[in-house]
Amino acid sequence: MSEKMINGAVGMLQVLEEEDVDIIFGYPGGAVIPIYDALYDSKIRNILPRHEQGAAHAADGYARSTGRVGVCLATSGPGALNLVTGLANAYMDSVPMVAITGQVKRHLIGKDSFQEADTTGVTIPVTKHNYLVTNTAELVDICREAFYLARTGRPGPVLVDVPFDVSIGDVPWTERNIEGLDGYEQPKPVDDELIRRAAQMIDEAKKPVLLIGGGVVASGASEKLLEFATKCNIGVIHTLMGKGAFPESHELSMGMPGMHGMAYASLALQNSDLMIVIGARFDDRITGDLEKFAPGARVIHIDVDAAEIEKVRPVRIGICADAGDALDKLIPACKPRDKGPWEQQLFEWRRTHPLTYPTPDEGIAPQYIVEQLYELTGGSAIIATEVGQNQMWAAQYYKLEKPRRFLSSGGLGTMGYGFPAAIGAQVGNPGELVVDIAGDGSIQMNQQELTTASINKLPVKVVILNNGYLGLVRQWQEMFFDNRLSGVDLTGNPDFAKMAEAHGGVGLRCAEPDKVRETLEQGLEVNDRPVFMDFLVHKEENVFPFIPAGKSVDDIMMEQPEKQK
Amino acid sequence: MLQTSGISDFALGKVTNMTHTLSALVKNRPRVLARVAGLFARRDFNIESLAVSTTEDPAISRMTIAVDASGTPLEQVRKQLEKLHDVVTVIDHTEHAVVERELCMIKVRVKPSQRAEVAALVEIFRGDIIDIGNGALIVQSIGNSDKIDAFIENFDDYGIVELVRTGKVVLARGAQKT
Ligand SMILES: Cc1ncc(C[n+]2csc(CCOP(=O)(O)OP(=O)(O)O)c2C)c(N)n1
Ligand SMILES: [Mg+2]
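No experiment lies behind these values; they were computed from the predicted model shown.

Before going further, it helps to spend a moment on the sheet that holds strand 4 (residues 87–92) of chain B. Residues and elements named next belong to chain B. The four strands lie next to each other as 2-3-1-4, forming an open sheet whose pairing is antiparallel. Among the strands making up the open sheet, the edge pair consists of strand 2 (46–54) and strand 4. If you compare each strand with its neighbour and ignore which way they point, the axes differ by 20° on average. Judged from the five bridges that link them, strand 1 (residues 19–27) and strand 4 form a sheet pairing that is antiparallel. The residue bridging valine 26 from the neighbouring strand is valine 87, located in strand 4.

Another aspect to go through is the packing of helix 1 (residues 8–18) of chain A against helix 7 (residues 139–151) of chain A. Residue and element names in this part refer to chain A. Direction vectors running N to C along helix 1 and helix 7 enclose 30°, while the axes themselves pass 9 Å from each other. As summarised for this structure, helix 1 and helix 7 are arranged roughly parallel, according to the angle between their axes. Seen along the crossing, helix 1 lies across helix 7 with a hand that is right-handed. Across the interface between the two elements, Gly8, Met12, Val15, Leu16 and Glu18 of helix 1 pack against Leu139, Val140, Cys143, Arg144 and Phe147 of helix 7. A breakdown of the residues in the contact of helix 1 with helix 7 according to their chemical character gives seven nonpolar, one polar and two charged.

A side chain of one charge can pair with a side chain of the opposite charge if their charged atoms are brought near each other. Using the criterion set out here, one finds 36 salt bridges over all chains in the structure. In this structure, the salt-bridge partner of arginine 285 of chain A is aspartate 284 of chain A, at a minimum N-O distance of 3.3 Å. In this structure arginine 285 of chain A comes out as partly exposed when scored by relative accessible area, which is 42%. Looking at aspartate 284 of chain A, the relative accessible area reads 47%, which means it is partly exposed. Between lysine 168 of chain B and glutamate 100 of chain B there is a salt bridge; the shortest N-O distance is 3.9 Å. Highlighted residues: lysine 168 of chain B in the loop between strand 8 (160–165) and strand 9 (169–172) and glutamate 100 of chain B in strand 5 (residues 98–109), separated in sequence by 68 residues.

On to the domain arrangement of chain A, then. All names here are of chain A. Parsing chain A into structural domains produces domain 1 (4–173), domain 2 (192–352) and domain 3 (366–544). Relative to domain 2, the C-alpha centre of domain 1 lies at a distance of 37 Å. At the junction of the two partners, domain 1 supplies six residues and domain 2 supplies six residues. With both sides pooled, the region where domain 1 packs onto domain 2 buries about 480 Å², and carbon together with sulfur makes up 56% of that total. Among the residues of domain 1 in contact with domain 2, Met92, Asp93 and Arg154 are the three that bury the most area, contributing 71% of the side total. At the junction of domain 1 with domain 2, the criterion picks out two salt bridges. For arginine 154, the salt bridge identified is with aspartate 305, shortest N-O distance 2.9 Å. Where domain 1 packs against domain 2, one counts two residue pairs in polar contact (both at pLDDT 80 or more).

Applying the stated criterion across every chain, the model contains 13 aromatic pairs over all chains. Measuring from centroid to centroid gives 5.0 Å for phenylalanine 151 of chain B and phenylalanine 155 of chain B, while their planes differ by 65°, and the two rings are edge-to-face. Of this pair, phenylalanine 151 of chain B and phenylalanine 155 of chain B both sit in helix 4 (residues 145–155), four residues apart, roughly one helical turn. Clustering of aromatic rings is evident, with ring pairs tying together Phe125, Phe151, Phe155 and Tyr158 of chain B. Looking at arginine 144 of chain A, its charged tip hangs above the ring of tryptophan 173 of chain A, at a distance of 5.0 Å from the centre. The residue whose ring lies beneath lysine 243 of chain A is phenylalanine 406 of chain A, and the NZ or CZ to ring-centre distance is 5.4 Å.

About the criteria used
- Residues numbered from 1 in each chain as written.
- Chains lettered and ligands numbered in written order.
- Predicted model: local features only at pLDDT ≥ 70, side-chain atom pairs only at ≥ 80, totals over all residues.
- Heavy atoms only, no water.
- Pairing = 2+ DSSP bridges.
- Helix = DSSP H or I, 4+ residues; strand = E, 2+ residues; numbered from the N terminus.
- Axes fitted to C-alpha atoms, helices over the stretch in contact; angles between N-to-C directions.
- Parallel < 35°, antiparallel > 145°, perpendicular 65-115°, else oblique.
- Left-handed = near helix turned anticlockwise from the far one by under 90°.
- Contact = heavy atoms within 4.5 Å.
- Nonpolar A, V, L, I, M, F, W, Y, C, P; charged D, E, K, R; others polar.
- Salt bridge = Lys/Arg side-chain N within 4 Å of Asp/Glu carboxyl O.
- Buried < 20%, exposed > 50% of the residue type's maximum accessible area, 1.4 Å probe, protein only.
- Domains from an automatic or database assignment.
- Buried area = accessible area lost by both parts, 1.4 Å probe.
- Polar contact = N/O pair within 3.5 Å; in protein donor to acceptor, adjacent residues only side chain to side chain.
- Phe/Tyr/Trp six-rings, centres within 6.5 Å; stacked < 30°, edge-to-face > 60°.
- Lys NZ or Arg CZ within 6 Å of the ring centre and 35° of its normal.

So this is what it looks like as structure tokens:
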């Protein structure tokens, strides 16, 4: 039996082609030169970021916005280690990604060789799985397995570490056969009995709510969710990761709960008697004090990852299933239900607890900028965010009607995520409007990617809510540390508009409220290069509502407390 | 030379304390131990002992894990373990009748005049004296963990120089898989 042999690097790229990968985000170095050599003849396009962290976040943004597996590539040692934050970020938010890293030659492993790092060792806790390819016969199948693991079940990043001599040498080419991996359990068919009991519980509930998360987006179950919610007339509360999975303009949309969520969403959760949780994981930013969190609610928890069920909150019914599969069964099983006093109460809370913000004496209200962006774009943009106040204002004021249009570092809270993620999203969605809502601190964490956007003519828009502070940290210091501001002053920020220009982009600056619209209009028009719109906002603006960490909705602050004189 | 203890040592029925035993069959791949140990560390699960061994299938290893479930529900530990791609199956033996064994060796400082006394003590535990020399004896016992605890306790008075325990291993009785 003679096997067909193929160059290792070429074989890897062929697997990528089998997986319909046409774009990767990668940065070369000694250990991956064989792969770059194979790319020379390949149809696959390599987008060269200016830092490997940018490559990882771009692959992540590409994946979140398209639903396909994002691919990034880095060399051994420092290159691979620069991916780590991006992997952890994707892991926390269950984003399907494959990272390929170069490794030193097999006989040099473990000898502290030049640019050697224990990449698989370092990335075990931040990947769904990883591989060090030591047996050439396994290279092709491992690459296939990596894609399969990344996109099935609960998606996540998978890393394949390939020693130089494996990618430059010949490896056997095997035919595709990866389904049914040993030890990798796909969810079993949805249990009819559990569905029957869940339907009964929903029928009996007086005050039901839906809490939906990223799992609904990952599963592509938005339409089914809409059908279910409208059939049973249940209010839908979304997590940050679930934003867009249910149309936010819908009557039943009850907003985002938690630390900086809408008060009416937190009130709805807190007072419910039944929480139907789909693809969400009871993050502490939502629950606050677990003891006090929605004490009267029974829980039906649907998640593709069995380990999420009862990880944090005990449940009455746990259904380990893909969100869409579960909804397929749940919809016909449930009786239609009319809106009742509970729903009227929800709508009442929504009326009486709207999001509001004061008009500042000085500077522009950052919330106003996001509102204007929303109006100008009709809610049609793909929104990336950085981390901090900017992220929360984006989540609060930019309403979305569709999934895969809100790219935000939910689990890890990675400053510097948004801009490269927006680049990845623009690459994956060439005709779409992609906007990164940024802070002046965060944008500086991956600003080098301006070059990447310029070179590739990617018209990513960056709206910088420039408050001259690490605003969210400043807010905590103001409220909980006697306003002893320490390490949060960003005085000396560069001129962001000039910086964009210096990188071949467009730079705009706006310091007055009545120029906001004009500036946005001007920026949104650009279609062949990146744009930085630097908005000088009210420096001391804080995010409200605010439920302090570890507290409950009883402790919610709706607005700035009166300052003690 | 190895002696086994009697049927009374069988751990029958439900375990009442917070220590539970899980058997994990894992792929015999590099780093699988690091993956399992790392999972326990980062999720803050307490392991009391971990024994790794080969099985009847050369591609598969067995990990017998004694878990202290007072901090985290055992079910959560089991599910997190099962998520690891290199873990093939995890079986919780809480409800099973299992045969449990652990081996312990103790080096004790013993005057020649005390040897007979020690020999008698070892005999009670159906253990063995497996080495004599330089003023120290090495004694060995095999049994379930409670028995090993008792064995060690009895040697405290003599001055234990060093001791080692293998960590427990179990096999489920009858048709039940381990
Ligand atoms: C990489 C990283 N470092 C530190 C933090 C902690 N952190 C959270 S929000 C924040 C401030 C962000 O400042 P900026 O980007 O200006 O946003 P603002 O809150 O001012 O809108 C910091 C430092 C983080 N989330 N990520
Ligand atoms: Mg700031």
